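Working through the structure, step by step
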Amino acid sequence: MSLIRDAHTIYKYNNFVDLFLGACRYVSRTGQSEMGIASAHSLLTQPGDRVVIVGGGDGATALTAAKKVGRTGSVTIYEGGDRAARQMGERLKMEGVAAICCVHHAIVGPEIDVYGGDASDALVVDPEDLPDCDILELDCEGSEIDILRSLRIRPRVIIVEIHPFLFPDDPCWVLDRLAALGYRTVYRSGHDGIRLDDPDLRKLLTRSRDCGVIYLKNGARSPAVVAAVRDE
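Let me begin by describing the structure that accompanies this report.

1. Points about the nonpolar core
Residues Val54, Leu130, Leu136 and Leu148 are the most contacted members of the largest nonpolar core, which totals 39 residues. Looking at this core, the elements with two or more residues in it are strand 1 (50-54), strand 3 (101-108), strand 5 (135-138), helix 6 (144-150), strand 6 (157-162), helix 7 (173-180), helix 8 (198-207) and strand 8 (224-230). In terms of residue count, helix 7 provides more of this core than any other element does, four residues in total. Look past the residues within four positions of Leu130 in its chain and what remains in contact with it is Val52, Val54, Tyr78, Val108, Leu136, Ile147, Leu151 and Ile153.

2. Looking at helix 3 (residues 35-44)
When you tally the buried positions in helix 3, you get seven out of 10 residues, the bulk of the element. Regarding helix 3, the residues found buried are Gly36, Ile37, Ala38, Ser39, Ala40, His41 and Leu44. Buried residues along helix 3 sit against strand 1, helix 4 (60-69), strand 5, strand 6, strand 7 (183-189) and strand 8.

3. Points about empty space enclosed by the protein
Per the counting criterion, the structure on display carries one cavity of 30 Å³ or more. Computed from the structure, the largest cavity encloses a volume of approximately 210 Å³. Lining the largest cavity are 19 residues, with Gly55, Glu79, Val114, Asp139 and Cys140 sitting closest to its centre. Secondary-structure elements contributing two or more residues to the lining of the largest cavity are strand 2 (74-79) and strand 3. In terms of residue count, strand 3 provides more of the lining of the largest cavity than any other element does, three residues in total. When grouped by side-chain class, the residues that make up the lining of the largest cavity number 10 nonpolar, five polar and four charged.

4. Focus on the side chain of Asp134
Within the secondary structure layout, Asp134 lies in the loop between strand 4 (123-125) and strand 5. Looking at Asp134, its side chain comes within polar contact range of the main-chain nitrogen of Arg50, at 2.8 Å.

5. Re the pattern of salt bridges
Between side chains of opposite charge, a pair can form when the charged atoms approach closely. Under the criterion given, the structure shown has 11 salt bridges. When the shortest N-O distance is used, the salt bridge between Asp132 and Arg50 registers 3.9 Å. Of this pair, Asp132 sits in the loop between strand 4 and strand 5 while Arg50 sits in strand 1, placing them 82 residues apart in sequence. Note that Asp192 is salt-bridged to Arg221, the shortest N-O span being 2.7 Å. Of the two residues, Asp192 sits in the loop between strand 7 and helix 8 while Arg221 sits in the loop between helix 8 and strand 8, which places them 29 residues apart along the sequence. Overlapping salt bridges bring together Arg50, Asp132 and Asp134 as one network.

6. Looking at the environment of Asp192
Assessed through its relative accessible area of 16%, Asp192 is described here as buried. Considering only alpha carbons, one finds Asp192 and Ser222, 30 residues apart in sequence, at a separation of 8.8 Å.

7. Some thoughts on the pairing of strand 6
Counting buried residues along strand 6, six of its six residues qualify, which places the element largely inside the surrounding structure. Looking at chain direction, strand 5 and strand 6 are connected through four bridges and run parallel. Across the sheet, residue Leu136 finds its bridge partner in strand 6, namely Ile158. On the question of chirality, the crossover connecting strand 5 to the parallel strand 6 by way of helix 6 is right-handed.

Definitions and limits used
Residues numbered from 1 in each chain as written. Predicted model: local features only at pLDDT ≥ 70, side-chain atom pairs only at ≥ 80, totals over all residues. Heavy atoms only, no water. Core = buried A, V, L, I, M, F, W, Y, C linked by side-chain atoms within 4.5 Å. Buried < 20%, exposed > 50% of the residue type's maximum accessible area, 1.4 Å probe, protein only. Helix = DSSP H or I, 4+ residues; strand = E, 2+ residues; numbered from the N terminus. Contact = heavy atoms within 4.5 Å. 1 Å grid on protein atoms, 1.4 Å probe; cavity = no way out; pocket = protein on both sides within 12 Å on 5 of 7 lines; lining within 4 Å. Points joined across faces, edges and corners; volume = space filled by probe spheres on them. Nonpolar A, V, L, I, M, F, W, Y, C, P; charged D, E, K, R; others polar. Polar contact = N/O pair within 3.5 Å; in protein donor to acceptor, adjacent residues only side chain to side chain. Salt bridge = Lys/Arg side-chain N within 4 Å of Asp/Glu carboxyl O. Pairing = 2+ DSSP bridges. Right-handed = clockwise from strand over helix to strand, strands pointing away.

This is the structure we're talking about:
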């Protein structure tokens, strides 16, 4: 029954033409996990950068970042799920980048929709205590709001995967907050890296308010990903 309810919710909150065309284009594509964030790293992360990741998941974006920063850089990851944190550490070791990566079993900000194992023993980190870095990646299932609201550091680049259905604020709050912090958005995409212009990004975010699975006709799907650079 849950699958039927999920399918009904997706149908209810999607535009039918966008859902049909977008889903068809989505299934015809092949790509790696978290391609939206990975593409932002490929575009903006540089050798020697210090990267901080909140919500490491399966380690795909940490691996991309580690390969970009090289031996002179570093990648610090906070992951709330104990199983995900353990498996991520093993993956990074197998890929030969463990020396420049540090995985913490920790939650930054409020605990919202943490998956990947048990979070009961995770360290709780205040967003104000995030270490200084060049690249900040937020893939934390709604906690991006509290983190950006309390952020003290000012990295060169902030990459955010936005989950409007998991927070009560305006769906475009993250975009406005980044601008208020002095950042200019230079990258916009769906979850799998299909690029978006600003109107389509806002359409995806707005439609995502009531449903976590939204498609646009070009194949982009929620959650949306943005990357913004600090204005000097």
